[in-house]
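Residues per chain, in single letters:
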Amino acid sequence: MNTSSPNIVILTGAGISAESGLSTFRDANGLWEGHRVEEVASPEGFAADPVMVHRFYDARRAQLAEVEPNAAHLALARLEQALPGRVTVITQNVDDLHERAGSRSVIHMHGQLRSALCAACGHRAEHLGDLGDTPPCQQCGERALRPDIVWFGEAIYDGERIYDAITDCDIFAVIGTSGMVYPAAGLAAEARANGAHTVLLNLDPHDDANDYTEVYEGRASERVPEWVDSLLR
Ligand code: OAD
């Protein structure tokens, strides 16, 4: 390993997958694929209408087969290949486009569509089919599988690993996120306080621009490959 290379941590959000055809959460009308976020992304929403919530995530999971990684996902995979062991992607996204682009070190802090969580025993396992059919848990046999997605009010995954990555990185980049959902929204300030060079690549400006050393506005499919090229020059 080249220990003189910088340690790079990248936080991504829905904006990096927008140009692959996946809608972001906070569209102009404030709806996610026609639903209020609380209806489909909270334990209360699931308890109120599990059939609708399963149908919603089953559709999101099926949609993965219709989309492809874009130039921004591919550029981050290229960065990791050029600097093995020095690049970590922390994503808020529940799609699998980073992995399909070739990124290997990916932390899904908000869970994944391709995984199911058993509400009875807590077992998490890859699950590619529909959950609306209420299949049994492979571990305990209960028909209590739910989407393995971190909903509002629930704890993020891999919090300790994320904290370690943030406090140990030289460069922290944030791509395609509105910075409205915590704790993800607080990571840039934390990285900067720990001495990292912080970079924002986003379509729209952020209110928290003070947290960043550099800001590049524009589409991820353009800004991210340019930024990766500049790092590898
Ligand atoms: P948002 O929908 O809140 O924000 C998407 C951001 O991406 C906005 O700032 C857009 O300006 C930007 N954007 C859109 N298209 C872009 C493009 N082509 N290139 C670059 N930037 C672009 O999505 P997130 O910030 O990811 O949580 O949302 C955070 C969390 O809120 C999600 O993970 C989700 C949601 O509730 C859970 O599901 C738990």
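Residues numbered from 1 in each chain as written. Predicted model: local features only at pLDDT ≥ 70, side-chain atom pairs only at ≥ 80, totals over all residues. Heavy atoms only, no water.

## What about the site of the ligand?
- Neighbouring the ligand are 22 residues; R26, V150, T177, S178 and D204 lie closest to it.
- Between the ligand and G176, the relevant distance is 3.4 Å, taken from an oxygen atom to a main-chain nitrogen or oxygen of the residue.
- T177 has a polar side-chain atom sitting 2.6 Å from an oxygen atom of the ligand.
- Burial of the ligand by the protein amounts to 93% of the accessible area it has alone, namely 790 Å².
- Broken down by class, the residue content of the shell around the ligand amounts to 8 nonpolar, 10 polar and 4 charged. (Near = heavy atom within 4 Å. Polar contact = N/O pair within 3.5 Å; in protein donor to acceptor, adjacent residues only side chain to side chain. Areas by Shrake-Rupley, 256 points an atom, 1.4 Å probe, with all protein chains shown as cover. Nonpolar A, V, L, I, M, F, W, Y, C, P; charged D, E, K, R; others polar.)

## Concerning the side chain of N7
- Within the fold, N7 resides in the segment before β1 (8-12).
- For N7, a relative accessible area of 19% puts it in the buried group.
- At 3.5 Å, the side chain of N7 and the backbone oxygen of D168 are in polar contact.
- Sequence-distant contacts of N7, defined by excluding residues within four places in its chain, comprise G85, R86, D168, C169, D170 and I171. (Helix = DSSP H or I, 4+ residues; strand = E, 2+ residues; numbered from the N terminus. Buried < 20%, exposed > 50% of the residue type's maximum accessible area, 1.4 Å probe, protein only. Contact = heavy atoms within 4.5 Å.)

## Points about the pattern of salt bridges
- All told, the structure shown has 15 salt bridges when counted by the stated rule.
- Among the ionic pairs, D58 bridges to R61, the shortest N-O distance being 2.7 Å. Taken together, the residues D58 and R61, both in helix α4 (residues 50-63) and 3 residues apart, mark about one turn of the helix. Here the two residues D58 and R61 agree in accessibility, since each one is buried. (Salt bridge = Lys/Arg side-chain N within 4 Å of Asp/Glu carboxyl O.)

## Here's the deal with the sheet that holds strand β3 (residues 106-108)
- As summarised here, the arrangement of the 6 strands in space is β3-β2-β1-β7-β8-β9, forming an open sheet in which the pairing is parallel. At either end of the open sheet lies a strand with only one pairing partner, and these are β3 and β9 (214-217). Going from strand to strand, the sheet's axes swing by 15° on average, the running direction of each strand aside.
- Judged from the 5 bridges that link them, strand β7 (residues 171-175) and strand β8 (residues 197-202) form a sheet pairing that is parallel. In the strand pairing of β8, F172 is matched with T198.
- Across the sheet, helix α5 (residues 71-82) is in contact with β1, β2 (87-91) and β7; its angle to β1 comes to roughly 165°. (Pairing = 2+ DSSP bridges. Axes fitted to C-alpha atoms, helices over the stretch in contact; angles between N-to-C directions.)

## Some thoughts on α4
- Between its terminal C-alpha atoms α4 stretches 20 Å, which fits the 20 Å expected from 14 residues at 1.5 Å a residue.
- Within the sequence span of α4, burial applies to M52, V53, H54, F56, Y57, D58, R60, R61 and Q63.
- Tucked into the core, α4 has its buried residues touching α2 (37-40), α3 (43-48), β4 (111-118) and β6 (145-149). (Expected span 1.5 Å × (residues − 1).)

## Some thoughts on the side chain of S221
- By the element assignment, S221 lies in helix α9 (residues 220-232).
- Among the polar contacts made by the side chain of S221, one reaches the side chain of E19 at a distance of 2.4 Å.
- Residue contacts for S221: discarding those within four places in its chain leaves E19, A71 and A72.

## Structural notes on the packing of aromatic side chains
- If you walk through the whole model with that rule in mind, you get 3 aromatic pairs.
- For the ring pair F56 and Y57, a centre distance of 5.1 Å and an interplane angle of 90° mean the geometry is edge-to-face.
- Taken together, a centroid distance of 6.1 Å and an interplanar angle of 40° make the contact between Y57 and W151 tilted. Within this pair, whereas Y57 is found in helix α4, its partner W151 is found in the loop between β6 and α7 (159-167), the two being separated by 94 residues in sequence.
- For Y57, a relative accessible area of 1% translates into the label buried.
- Taken together, F46, F56, Y57 and W151 form an aromatic cluster joined through their ring pairs.
- R60 extends its terminal NZ or CZ atom over the ring of F56, reaching a point 4.8 Å from the ring centre.
- The ring centre of W151 lies 3.9 Å from the NZ or CZ of R146, which sits over that ring. (Phe/Tyr/Trp six-rings, centres within 6.5 Å; stacked < 30°, edge-to-face > 60°. Lys NZ or Arg CZ within 6 Å of the ring centre and 35° of its normal.)

Read these as layout, nothing more, since geometry by itself doesn't imply function.
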